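Reading the structure
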Amino acid sequence: MGGEQYVIGVDFGTLSGRALVVRVSDGAEVGTAVTEYPHGVIERELPGGHGGRGQLPPDWALQVPDDYVTVLRQAVPQAVRAAGIDPGDVIGIGTDFTACTVLPVFADGTPLAEVLEYQDRPHAYVKLWKHHAAQPQADRINALAAERGESWLPRYGGLISSEWEFAKGLQLLEEDPELYQRMDHWVEAADWIIWQLTGNYVRNACTAGYKGIYQDGHYPSREFLAALNPAFADFAEVKLAHQIGQLGEPAGTLSPQAAAWTGLPEGIAVAVGNVDAHVTAPAARAVEPGHMLAIMGTSTCHVMNAEVLAEVPGMCGVVDGGIVAGRYGYEAGQSGVGDIFAWFAENFVPESYREQAAAAGRSVQEHLTVLAESQPVGAHGLIALDWESGNRSVLVDHDLTGLIIGLTLATRPEDVYRALIEATAFGTRKIVETFGASGVPVTEFVAAGGLLKNEFLMQTYANILRMPVHTCASAQAPALGSAIHAAVAAGAYPDVTAAGDAMGGRSARVYRPDEAAADAYDRLYAEYEQLHDYFGRGVNEVMHRLHAMRMEALKT
């Protein structure tokens, strides 16, 4: 292949890992492979059952760390074979991960979950991003930070999430203090996998800032943490703090063990770890200030660069250099999007619809889309709140729940499916408007991720947002973004922006708003806003009361 050089990007998602082989000179994607995690997401019972001791309470979501290594062993060599290239032409590898996905490890990086005596202890396992059982701890962190006027709190929109490192770490301490004492490091999976590749533990700047409350060179103070729980006082300095690597830098080189796993040359560059959303920005050429990128899959993460530092209510965070060096990187998100559609299609669609879908050669969701897309806006008479997995932005409350208003005996499955799509688009509009009102306007909206294949959904977003929706050219944009960072770490490009210009790209497909549909959606959005504030800002606490009743009932 004429002396071409290649890089590998590995995207660790919620259910699987994807390896992508990319040509350094132009970003051409030449081979890919996917490995499903053998244990998937653990939500009900630990592997093996453990005689009933492994039963999980509500809102838990765990994973097995060795599943991630399985991706390295299987997907990477399969992708190289699919590409038909000489592994010796690969100059670097980069990875991205869901976040905050975090695990307790010993000093040498061994996960506690791999020690036989701890395999019946839920807190020994990886806590996946959508583990929301630390909401009580998050509530206490937020209340104390607000009471003390902690300077870092506005950097996170006034609230930190139950998904993040401190809330999950405090939950571990208070529910299994023995394991908390045994662990040496509380590690993001994004960094743990780099540790496995290189033998070096390097904490990436992205998760440290967005998920680890690391601002201006400091974590929350020892005094603050002691006020939460005296045993938590040294959490940041002992369990969390470590060398921090900047995005696009090399974390080290591929170790002999990892070379044997992957079939790649020992000693090639390994990029500092990254988050699946943030790593995608250069792949979509969405690194300019005001260009909001939405990575739309099971959930949606919104990231955007800006030249200014501002306080945006309910944002997930703003970090200097959190996306690319030299700019403030902002993050917001919705904790349930594609997951909501899949939940509805799996649980609330009659068998007759499944038979019709199969006869037409479609999936159930494709069939629902075909039935729903011809309706006039508002014809279903429904409005929904997209909180089946809680609210990440702008309310930052994972005890909120979904809601549908307007159901009648004439309501059909496709009506509800359409209302759920619209609800997620309304949630995105709420985020976009909140950024604008805070002095960080969104000037361009770019979408990437698995939901791009639903053209009706994308057009609905354009109509509701009242702005064009541009699309990323790559169908596997996070993996491409990881490959772009690998190219920078290997020295092929001077920085991530330059590498993205050469290797990333936009699709020619742009969804533009239909004026009549946008006008009609304005009326529905006004109703959404009323419900959003009524149920989400404390006017009616029924969702919290119901959640508390559920938790009490399940404990009996």
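Please read these numbers as outputs of a predicted model, since none were measured by experiment.

Before going further, it helps to examine the packing of aromatic side chains. The geometry of an aromatic ring pair is captured by two quantities: the separation of the ring centres and the angle between the planes. Enumeration according to the criterion identifies 22 aromatic pairs in this entry. Considering the side-chain rings of Tyr180 and Phe232, the 6.4 Å spacing of their centres and the 40 degrees angle between planes classify their relative orientation as tilted. Of this pair, Tyr180 sits in helix H4 (residues 177-182) while Phe232 sits in the loop between helix H7 (222-228) and helix H8 (235-240), and the two are 52 residues apart along the sequence. A single burial state applies to Tyr180 and to Phe232, both of which are buried. Ring geometry for Phe232 against Phe235: centres 4.5 Å apart, planes inclined by 20 degrees, an arrangement best described as stacked. Phe235 carries the same exposure label as Phe232, and that label is buried. The rings of Phe12, Tyr37, Tyr68 and Phe97 are connected pair by pair, giving a single aromatic cluster. Residue placement shows Lys239 over the ring face of Tyr180; its charged tip is 5.1 Å from the ring centre. Sitting over the face of the ring of Tyr511, Arg509 holds its NZ or CZ atom 3.9 Å from the ring centroid.

A few words now on the sheet that holds strand E12 (residues 269-271). If you walk across this open sheet you meet the six strands as E3-E2-E1-E5-E12-E11, and the pairing is mixed. Pairing within the sheet leaves two strands with one partner each, and these edge strands are strand E3 (29-36) and strand E11 (250-253). Between one strand axis and the next, the sheet turns by 20 degrees as a mean value, whatever way the strands run. Pairing of strand E5 (residues 90-97) with E12, which is carried by two bridges, proceeds in the parallel orientation. When the bridges of E12 are listed, Ile93 appears paired with Val270.

Moving on, we get to the environment of Gly290. Within the secondary structure, Gly290 is located in the loop between E12 and strand E13 (291-296). According to the relative accessible area criterion, Gly290 is buried, its value standing at 7%. As a C-alpha pair, Gly290 and Thr443 span 153 residues in sequence and 5.0 Å in three-dimensional space. Ignoring any residue separated from it by four or fewer positions in sequence, one finds Gly290 in contact with Met304, Asn305, Pro441, Val442, Thr443 and Glu444.

Okay, helix H10 (residues 338-347) next. Listed in full, the buried residues belonging to H10 are Gly338, Ile340, Phe341, Phe344 and Ala345. Along the long axis of H10, the arc covered by the buried residues comes to 160 degrees, so they all point the same way. Next to the buried residues of H10 lie helix H11 (351-359), helix H12 (364-372), helix H13 (413-437) and helix H14 (455-465).

This part is about the pairing of strand E6 (residues 102-105). Covered by surrounding structure in E6 are Val102 and Pro104 together with Leu103 and Val105, the residues of both alternating faces. Sheet topology note: the E6/strand E8 (residues 185-188) ladder contains four bridges and is antiparallel. Bridging across to E8, Val102 finds its partner in Glu188.

For the rest of this paragraph, the subject is the sheet that holds strand E19 (residues 444-448). Pairing is mixed across the open sheet formed by seven strands, whose spatial order is E15-E16-E14-E13-E19-E20-E21. Either end of the sheet is taken by a strand with one partner, and the two such strands are strand E15 (317-320) and strand E21 (506-511). Sheet twist, expressed as the mean angle between neighbouring strand axes with direction ignored, is 25 degrees. Sheet topology note: the strand E14 (residues 300-306)/strand E16 (residues 328-334) ladder contains seven bridges and is antiparallel. Bridge pairing in E16 places Thr300 opposite Gln334. Contacting E13, E14, E16 and E19, H13 crosses the sheet at an angle of about 150 degrees to E16. Sheet contacts for H14: E13, E19, strand E20 (469-472) and E21; angle to E21, the most-contacted strand, approximately 65 degrees.

Okay, the packing of H10 against H13 next. Between H10 and H13, the least distance of the axes is 10 Å, while the angle of their chain directions is 170 degrees. Overall, the two elements H10 and H13 adopt an arrangement that is roughly antiparallel. Contacts between H10 and H13 involve Ile340, Phe341 and Phe344 on the former and, on the latter, Pro413, Val416, Tyr417, Leu420, Ile421 and Thr424. Looking at the contact of H10 with H13, its residues break down into eight nonpolar, one polar and no charged.

A few words on the environment of Ala205. Among the structural elements, Ala205 can be located in helix H6 (residues 205-210). Judged by its relative accessible area of 12%, Ala205 is buried. Here the alpha-carbon distance between Ala205 and Asp399, two residues 194 residues apart in the chain, equals 29 Å. In this structure Ala205 touches Ile244, Gly245, Gln246 and Val319, once residues within four positions along its chain are discounted.

A separate point is the packing of H11 against H12. Interaxial distance between H11 and H12 falls to 9 Å at its minimum, and their mutual angle equals 95 degrees. Taken together, the axis directions place H11 and H12 in an arrangement best described as roughly perpendicular. Residues Tyr353, Arg354, Gln356 and Ala357 of H11 touch H12, and the partners they reach there are Val364, His367, Leu368 and Leu371. For the contact of H11 with H12, the residue count by class is five nonpolar, two polar and one charged.

Structurally, Arg392 is set in the loop between strand E17 (383-385) and strand E18 (403-405). According to the relative accessible area criterion, Arg392 is buried, its value standing at 9%. A distance of 3.5 Å separates polar atoms of two side chains, one belonging to Arg392 and the other to Glu163. Not counting residues within four places of it along the chain, the set of residues in contact with Arg392 comprises Trp129, Glu163, Ser299, Thr300, Gly314, Cys316, Gly333, Gln334, Ser335 and His398.

Throughout the structure, instances matching the rule amount to 25 salt bridges. Through salt bridges with shared partners, one network takes in Arg429, Glu433, Arg466, Glu515, Asp519 and Asp522.

What follows covers the environment of Gly94. Among the secondary structure elements, Gly94 is positioned in strand E5. Residues Gly94 and Ala487, 393 residues apart in the sequence, show an inter-C-alpha distance of 8.3 Å. In contact with Gly94, other than residues within four places in its own chain, are Ile8, Gly9, Val10, Ala271, Ser482 and Ala486.

As a further point, take H14. The buried fraction of H14 amounts to nine of the eleven residues, a majority that puts the element mostly inside the structure. Along H14, the residues classified as buried are Phe456, Leu457, Met458, Thr460, Tyr461, Ala462, Asn463, Ile464 and Leu465. Following H14 by one or two positions, Arg466 adopts a phi angle in the positive range, close to 60 degrees.

Conventions adopted
- Residues numbered from 1 in each chain as written.
- Predicted model: local features only at pLDDT ≥ 70, side-chain atom pairs only at ≥ 80, totals over all residues.
- Heavy atoms only, no water.
- Phe/Tyr/Trp six-rings, centres within 6.5 Å; stacked < 30°, edge-to-face > 60°.
- Helix = DSSP H or I, 4+ residues; strand = E, 2+ residues; numbered from the N terminus.
- Buried < 20%, exposed > 50% of the residue type's maximum accessible area, 1.4 Å probe, protein only.
- Lys NZ or Arg CZ within 6 Å of the ring centre and 35° of its normal.
- Pairing = 2+ DSSP bridges.
- Axes fitted to C-alpha atoms, helices over the stretch in contact; angles between N-to-C directions.
- Contact = heavy atoms within 4.5 Å.
- Arc of directions from axis to C-beta.
- Parallel < 35°, antiparallel > 145°, perpendicular 65-115°, else oblique.
- Nonpolar A, V, L, I, M, F, W, Y, C, P; charged D, E, K, R; others polar.
- Polar contact = N/O pair within 3.5 Å; in protein donor to acceptor, adjacent residues only side chain to side chain.
- Salt bridge = Lys/Arg side-chain N within 4 Å of Asp/Glu carboxyl O.

Geometric values such as these leave the question of function open.
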